[in-house]
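For reference, the chains in residue letters:
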Amino acid sequence: MFATAIRYIAKKPKPKMKPIELKTPPEQTQTITRVIFDILKEHGPLTVADIWDHVKEVGLRGLSSKRHMKIVMRWMRERQKLRLICNHVGPQKQFLYTTWFAKPDVKPTMNVSLRPKS
């Protein structure tokens, strides 16, 4: 009991995350968010890699890298423009982004058999 109390007190609290501040101009941010939102609205729940492929096809100039896109998407999640859902199939998880108002029609996209092994 005493050791448990010491371990509990010794833990550092989780740091508070401050809001994301984008360094791009507002016009450029609006263009980037509109393109990402339209891609998700048109193609449904997508993974980060799928969204990045669609953005590259569109040829958006304001987005410099996949990392930059993920930061913008995190900013959009803070503003409740996007929603992150988890597609749990067997032992594997798949995280998908979707628009806030879309119904999550998540279908297993992995080739995993859901039948128990016999």
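Everything below is about the structure printed above this text.
The structure contained in this document is the topic of the report that follows. (Residues numbered from 1 in each chain as written. Predicted model: local features only at pLDDT ≥ 70, side-chain atom pairs only at ≥ 80, totals over all residues. Heavy atoms only, no water.)

**A short note on the packing of helix α3 (residues 48-58) against helix α4 (residues 66-78)**
Then step 1. Packing of α3 against α4 brings their axes to within 11 Å, and their N-to-C directions diverge by 110°. Put simply, α3 runs roughly perpendicular to α4. With respect to the hand of their crossing, α3 and α4 are arranged in right-handed fashion. Taken together, the residues of α4 that come into contact with α3 (itself represented by Val 48, Ala 49, Ile 51, Trp 52 and Val 55) are Lys 66, Met 69, Lys 70 and Met 73.
Then step 2. For the contact of α3 with α4, the per-class residue count stands at 7 nonpolar, no polar and 2 charged. (Axes fitted to C-alpha atoms, helices over the stretch in contact; angles between N-to-C directions. Helix = DSSP H or I, 4+ residues; strand = E, 2+ residues; numbered from the N terminus. Parallel < 35°, antiparallel > 145°, perpendicular 65-115°, else oblique. Left-handed = near helix turned anticlockwise from the far one by under 90°. Contact = heavy atoms within 4.5 Å. Nonpolar A, V, L, I, M, F, W, Y, C, P; charged D, E, K, R; others polar.)

**Observations concerning the packing of helix α2 (residues 26-43) against α3**
Then step 1. It is at 10 Å that the axes of α2 and α3 come closest, and there the two elements cross at 115°. In this structure, α2 meets α3 at a crossing whose hand is right-handed. From α2, Val 35, Ile 36, Ile 39, Leu 40 and His 43 reach across to α3, where they touch Ile 51, His 54, Val 55 and Val 58.
Then step 2. Looking at the contact of α2 with α3, its residues break down into 7 nonpolar, 2 polar and no charged.

**Digging into the layout of surface pockets**
If you roll a probe as big as a water molecule over the atoms, it shows you where there is empty space left.
Then step 1. Taken as a whole, the largest pocket spans an internal volume of roughly 490 Å³.
Then step 2. Each residue belonging to the lining of the largest pocket can be placed in one class, and the counts come to 5 nonpolar, 2 polar and 8 charged. (1 Å grid on protein atoms, 1.4 Å probe; cavity = no way out; pocket = protein on both sides within 12 Å on 5 of 7 lines; lining within 4 Å. Points joined across faces, edges and corners; volume = space filled by probe spheres on them.)

**Quick notes on the nonpolar core**
Then step 1. With 21 residues, the main nonpolar core has Ile 36, Ile 51, Val 55, Leu 63, Met 69 and Leu 82 as its most contacted residues.
Then step 2. Secondary-structure elements contributing two or more residues to this core are α2, α3 and α4.
Then step 3. Among the elements that take part in this core, α2 stands out by supplying 6 residues, more than any other.
Then step 4. Beyond its immediate sequence surroundings of up to four residues, Leu 63 is in contact with Ile 32, Trp 52, Val 55, His 68, Met 69 and Val 72. (Core = buried A, V, L, I, M, F, W, Y, C linked by side-chain atoms within 4.5 Å. Buried < 20%, exposed > 50% of the residue type's maximum accessible area, 1.4 Å probe, protein only.)

**Examining α3**
Then step 1. If you check which residues of α3 are buried, you get Val 48, Ile 51, Trp 52, His 54 and Val 55. An end-on view of α3 places all buried positions within 165° of arc, on one side of the element. Residues of α3 that are exposed and angled more than 90 degrees away from the buried face: Lys 56 and Glu 57.
Then step 2. Looking at the buried positions of α3, the neighbouring elements they touch are α2, α4 and β2 (92-99).
Then step 3. Looking one or two residues beyond α3, the residue adopting positive phi is Gly 59, at roughly 80°. (Arc of directions from axis to C-beta.)

**Thoughts on a positive patch on the surface**
Then step 1. Taken together, Lys 56, Lys 66, Arg 67, Lys 70, Arg 74 and Arg 77 make up a surface patch of like positive charges.
Then step 2. Sort the elements by how many residues they give to the positive patch and α4 lands first, with 5 residues.
Then step 3. By secondary structure assignment, the location of Lys 66 is in helix α4. (Patch = residues over 30% accessible without salt bridge, like charges linked within 9 Å, V, L, I, M, F, W, Y side chains within 5 Å. Areas by Shrake-Rupley, 256 points an atom, 1.4 Å probe, with all protein chains shown as cover. Salt bridge = Lys/Arg side-chain N within 4 Å of Asp/Glu carboxyl O. Lys, Arg positive; Asp, Glu negative; His and termini not counted. Charge placed at Lys NZ, Arg CZ, Asp CG, Glu CD.)

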